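# Overview (structure and organization)
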Amino acid sequence: MRPELEAVAQEIEKVIAGKREAIEKLLTALLAGGHVLLDDVPGVGKTTLAAALGRAVGLSCRRIQFTPDVLPSDIVGFSMYDRERGDFTYRPGMLHGANLVLGDEINRASSKTQSALLEAMEEGQVTVDGNTYPLADPFLVVATQNSVGAAGTQLLPYAQMDRFLMRLRLGYPDFAAQMAMLRARQNAQPMEQVACVLRLEALRAMQQEARAVTAREPILDYITRLAMASREHPALQIGISPRGALFLDRAAKARACLEGRDYVTGTDVQAVFCDVCAHRVLLSEEAQAAGTGTEQVLRGLLKTVQSPDRHSPLGGILKK
Amino acid sequence: MSGRRAGYAAWLLLAAILYFFENSAGTRIILACSAVLPLVPAIRRGFFAPARKAARQAAVLPAVSAREEDAPGDVRPYQPGDPPGRVHWKLSAKRDTLLVRQPIPETVPAPGERALSPAAKSKGDAPRGLALWGAGVPLLCALLLFTLPQANQGARALCNRLFAASEAVNAYAYDRLPGADERMIPAAAALLAIAGIALAAVTVLSRSRLLPLGVMAACTAFQAYFGLALPGWISVPLYAALALLAARNPRARQSLLQAGAAVLAVAALILLLWPGVDPATESASERLRDWLSPTAQGAAGALPEAPESQTEVRRAHVRSLLEGDQAARPLQEYRLAAREEQQVSKPHWIDYLRIVLLLLLAVAVVILPFLPFLALNARRKRALENRRAFQSADVNAAVCAIFQQVAAQLEIMGYGDGGLPYRAWGQSLCPGLPRDYAQRFDACAALFEQAAYGAHPLAEPQRRQALDLLEETRQLLWNRADLQHRLRLALAHGLEGLCE
């Protein structure tokens, strides 16, 4: 892992112990410039993770607590009549000027509010009354949703989940991590100890770098084969979309950059595959009835689709 | 559904043809059973049940299919013990009696599971391999029956016995196959039994319903062609068993009982009321058969006498042989005449088939001993080609080739995990190979990734490093390998290691 990002990860680990993997994935998404959906039960540190990331990278952080009565105009802004000027003036919404927007419990928002946020995520800009306002760069949305106690909420539809680069699950901490957390909270507020260790400019440069990472023909071939295999998989009703394949490429590049390489390897693709694709595919009814999990199917795909190391058309594959 | 009905109609037609050509009590029972059995409700439900796919969809999506089930055909009156969830409330309200939806037969064994994991997939593939084997065994038996003279004779004798046991009264059906040598009947019977058992096993294991139907059709066609009707006590159980296999739904005891009762009733009725041969049908079929096959007439001895000219030629030939006159012309003419006679008595294509089979056999016998050497040489050539790539001017390509050679050698010895990228192999090497070797392997795997996916060209030292690893791997594995693995390692290396 690159030293500057290693420092960021260590800062975040001050507040969230034992979640190294999730932190690495979050940083990958940050490098790729993609948005993240944290989907888990309440109280495992979704919000804390996002807030710590904001502090460690020095992003201007804003938090929207979604409730059914949050309106689209609250987040994208609205125009208001100014009597003195006799004109409408634009009042910016929550998204403006924020690098990191933490959308808490996005599934509690009404669907039109959700779609306003998702539009902003997709375009990186908002349009109100015909005027387009650019959002801050980098712009990262970390939305959380918990599927427990979801009565009366609107879970994101599949079409909208597709916009998120990754869906992460934190899961419960193990014994040691839980102990460490309890110990750390005895007399201090760890969040205040998180220092800003990465400048915004450095982050932008790194994002540029991540975009410039090389993915050579065998890797693209591998991603395509994975996507094709998922579309033909009998346990999947909906396979990986073309956008999913593009996102997979982007995430793999970011992961390579995170590791300090300027080329993507098959390992990179495999490392991000499940998180990038799990929320894009839909299990068939038979598979659901059989109790198969999406992760299980995707891991099976990784096993069955030959890794580019073996399949590589480049470098003269060994004749058996 | 319509396909199944068409198949049933085709079967009825076939049974009718069989009856027409070989009318007897047995064939009559088969025809009558074919016509009557679908009237038994349990069988109709089993055989003309909704197709597999529809049943599965209905099982998965009860809400959607409920609307389709409004068709009155898919409900039946409520019986005590039916689960209340299956009551078709809407239709019940309309008709003012309780109606339940037809339970969907649980014939599909957990459709979701079948194709999920690779393990389950291989399980699903097993019957296919078995079907291949099962198809191969009967084919082999048929080949042996054709080619082995003793078995051939035995089969003929067996056929003649069948003809003798036949209920048919066609005069020309008996002892039609000449040259029967009864001593080898057991061999032929064993071959036929093996083929039959293989077919039955394949049918049961592959759960194919086409196969028994095909066997039924073949049996019927065979009987109709040879003018042979098996005795009722053979043919009725045979067809009943095949039909049971074909119906796929024999698990319901009730439907089995009903079917058995129906068959028995029909058989008893026909044996009582209408036994034996029907003269009118028999004479009609006889006329048709005579009209259809002049060869049969020939076999029955109705062939006209050879023309005067031919007998004259033949006499001339005999004379010339006796007198030692080697005149070419009479001989040639005699041959021509003899060929014409042969053509009348025996169809040509049987000869061609035998020639083709013998040729194939000869080619196989000639090629088989050389196959291992051919394969060995091809592998050696490929290995040498791979080794040439190690010294290629493009260092990236060379490193890729070298590293893949390393991985191939490790795989020969059972190390590594084929599905994973090479970077992930390090852990799986550790228990069997030294730790420092695993570390060097990891470093080299990183080098490989750089060579394969990176944009920068590598330099000579890296090629050296990869070659060193290759040499080390070779030594390491060679010392651990037994004879068989040593041979394979040497082959992968172009047969050079054998000298060590």
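None of the values given here were measured: they were computed from a predicted structure. Numbering of residues starts from 1 in every chain and runs along the sequence as written. Naming scheme: in the order in which they are written, chains are lettered from A and ligands are numbered from 1. With the structure being a predicted model, the display of local features is reserved for residues of pLDDT at least 70 and the display and counting of side-chain atom pairs for 80 or more, all residues being used for whole-chain, interface and lining totals.

### Considering the overall build of chain A
Under the DSSP-based scheme used, a helix requires at least four consecutive residues in state H or I and a strand at least two consecutive residues in state E, with every element numbered from the N terminus. What chain A contains, in helices and strands, is 15 helices and eleven strands. A total of 320 residues make up chain A; the buried ones form 45% of that total. Taking the contacts inside chain A whose residues are at least 6 apart along the sequence as the reference set, 78% of them involve residues at least 24 apart. Field definition: a residue is buried when 20 or more other C-beta atoms are found within 10 Å of its C-beta, exposed when 12 or fewer are, and partly exposed for counts in between, with C-beta atoms placed from the backbone. The contact rule is simple: place each C-beta atom from the backbone, and if two of them lie within 7 Å, those residues are in contact.

### Looking at the overall build of chain B
What chain B contains, in helices and strands, is 24 helices and two strands. Here chain B holds 500 residues, and the buried ones make up 23% of them. Nonlocal contacts in chain B, meaning residues at least 24 apart in sequence, comprise 64% of its contacts between residues at least 6 apart.

### Structural notes on the sheet that holds strand β8 (residues 140–145) of chain A
Residue and element names in this part refer to chain A. Reading across from one edge, β2-β5-β8-β1-β9 is the order of the five strands in this open sheet, with parallel pairing throughout. Of all the strands in the sheet, just β2 (61–65) and β9 (166–168) have a single pairing partner and so form its edges. On average, adjacent strands in this sheet sit at an angle of 20° to one another, irrespective of strand direction. Here strand β5 (residues 100–104) pairs with β8 via four bridges, running parallel. Its bridge partner lying in β8, L102 is registered against V142. Running at roughly 170° to β5, helix α3 (residues 46–57) makes contact with β1 (36–39), β2, β5 and β8 of the sheet. Each pair of strands is called paired provided DSSP finds at least two bridges between the two strands. What counts as an axis is a line fitted to C-alpha atoms, over the stretch in contact for a helix, and the angles between N-to-C directions run from 0 to 180 degrees.

### Side note on the pairing of β5(A)
The side chains of a regular strand alternate, residue by residue, between the two faces of the sheet. All names here are of chain A. Extensive coverage of β5 is indicated by the burial of five of its five residues. Here β5 shows two buried faces, one formed by L100, L102 and D104 and the other by V101 and G103. Of the pairings in the sheet, the one linking β2 to β5 comprises five bridges and is parallel in character. Within β5, the residue paired with R62 across the bridge is V101.

### What to know about the environment of A:V44
Residue and element names in this part refer to chain A. Mapped onto the secondary structure, V44 falls in the loop between β1 and α3. According to the C-beta neighbour criterion, V44 is partly exposed, with 19 such atoms within 10 Å. Here V44 is in contact with L170, G171 and Y172, once residues within four sequence places are set aside.

### Side note on the packing of helix α12 (residues 266–277) of chain A against helix α14 (residues 294–304) of chain A
Residues and elements named next belong to chain A. Following both chains from N to C, one finds α12 and α14 inclined at 145°, their axes separated by 10 Å at the closest point. Of the two possible hands of crossing, α12 and α14 adopt the one that is right-handed. Only E295, L298, R299 and L302 of α14 make contact with α12, whose side of the interface consists of Q270, F273, C274 and C277. Each residue belonging to the contact of α12 with α14 can be placed in one class, and the counts come to five nonpolar, one polar and two charged. In a left-handed crossing the near helix is turned counterclockwise from the far helix by less than a right angle, and in a right-handed crossing that turn is clockwise. Polarity classes work like this: nonpolar for Ala, Val, Leu, Ile, Met, Phe, Trp, Tyr, Cys and Pro, charged for Asp, Glu, Lys and Arg, and polar for all others, with Gly in that last group.

### Things to note about the nonpolar core
Working definition: the nonpolar core is a set of buried Ala, Val, Leu, Ile, Met, Phe, Trp, Tyr and Cys residues, joined through C-beta atoms within 7 Å. The biggest cluster of nonpolar side chains holds 121 residues, and the ones touching the most others in it are A:L26, A:V36, A:L248, A:A251, B:V399 and B:F448. Residues within four places of A:A251 in sequence aside, it is in contact with A:T28, A:A32, A:G34, A:L165, A:M166, A:V272 and A:V276. If you look at the next biggest cluster of nonpolar residues, it comprises 20 residues, including B:L18, B:M216, B:V236 and B:L242.

### Regarding the confidence of the model for chain B
All names here are of chain B. Per-residue confidence for chain B gives a mean pLDDT of 71; residues scoring 70 or more make up 64%. Values of pLDDT, which run from 0 to 100, indicate the predictor's confidence residue by residue. When mean pLDDT is taken per element in chain B, helix α23 (residues 460–480) scores highest with 87 and helix α7 (residues 111–114) scores lowest with 39. Confidence drops under pLDDT 50 across residues 106–125; counting only partners more than four residues distant or on other chains, this segment forms 29 contacts. When the criterion is pLDDT under 50, residues 169–174 qualifies, and its contacts beyond four places in sequence or with other chains add up to 15 contacts. Note on the complex model: pTM 0.54, ipTM 0.75.

### Some thoughts on the pairing of strand β3 (residues 78–82) of chain A
Residues and elements named next belong to chain A. Burial runs low along β3: only zero of the five residues are buried. Sheet topology places β3 next to strand β4 (residues 87–91); five bridges connect them, and they run antiparallel. Directly across from F78, in β4, lies its bridge partner R91. Hairpin connection from β3 to β4: four residues lie between these consecutive antiparallel strands, with G86 at a positive phi of about 65°.

### Focus: the environment of A:M1
Residue and element names in this part refer to chain A. Mapped onto the secondary structure, M1 falls in the segment before α1 (3–13). The exposure class of M1 is partly exposed, given the 13 C-beta atoms found within 10 Å. In sequence terms M1 and C257 are 256 residues apart; their C-alpha atoms lie 8.6 Å from each other. Setting aside residues up to four positions removed in sequence, M1 forms contacts with E6, L258, E259 and G260.

### Quick word on the packing of α1(A) against α3(A)
All names here are of chain A. Where α1 contacts α3, the axes come no closer than 9 Å and their chain directions differ by 135°. As the angle between them shows, α1 and α3 are arranged oblique. When the axes of α1 and α3 are compared, the crossing they make is right-handed. On the side of α1, the interface is formed by V8, E11 and I12, while α3 contributes L49, A52, L53, A56 and V57. The residue makeup of the contact of α1 with α3, split by class, is seven nonpolar, no polar and one charged. Orientation categories follow fixed angle ranges, with anything under 35 degrees roughly parallel, anything over 145 roughly antiparallel, 65 to 115 roughly perpendicular, and all other angles oblique.

### Remarks on unusual backbone geometry
The omega torsion across A:D137 and A:P138 is -5°, close enough to zero to call that bond cis. You can see A:P138 is positioned in the loop between β7 (131–134) and β8. In this structure, A:E105 is a non-glycine residue whose phi angle is positive, near 50°. Residues other than glycine seldom take positive phi values, yet B:D96 does so here, at roughly 70°. Of note, B:D96 is situated in the loop between α6 (89–95) and β2 (99–101). You can call B:D96 exposed: it has 6 C-beta atoms within 10 Å.

### Some points on the environment of B:G260
Residue and element names in this part refer to chain B. Tracing the backbone through its elements, the reader meets G260 in helix α13 (residues 253–273). Residue class for G260 comes out exposed when judged on the 12 C-beta atoms lying within 10 Å of it. Along the backbone, G260 and L37 are 223 residues apart, and their C-alpha atoms lie at a distance of 9.6 Å.

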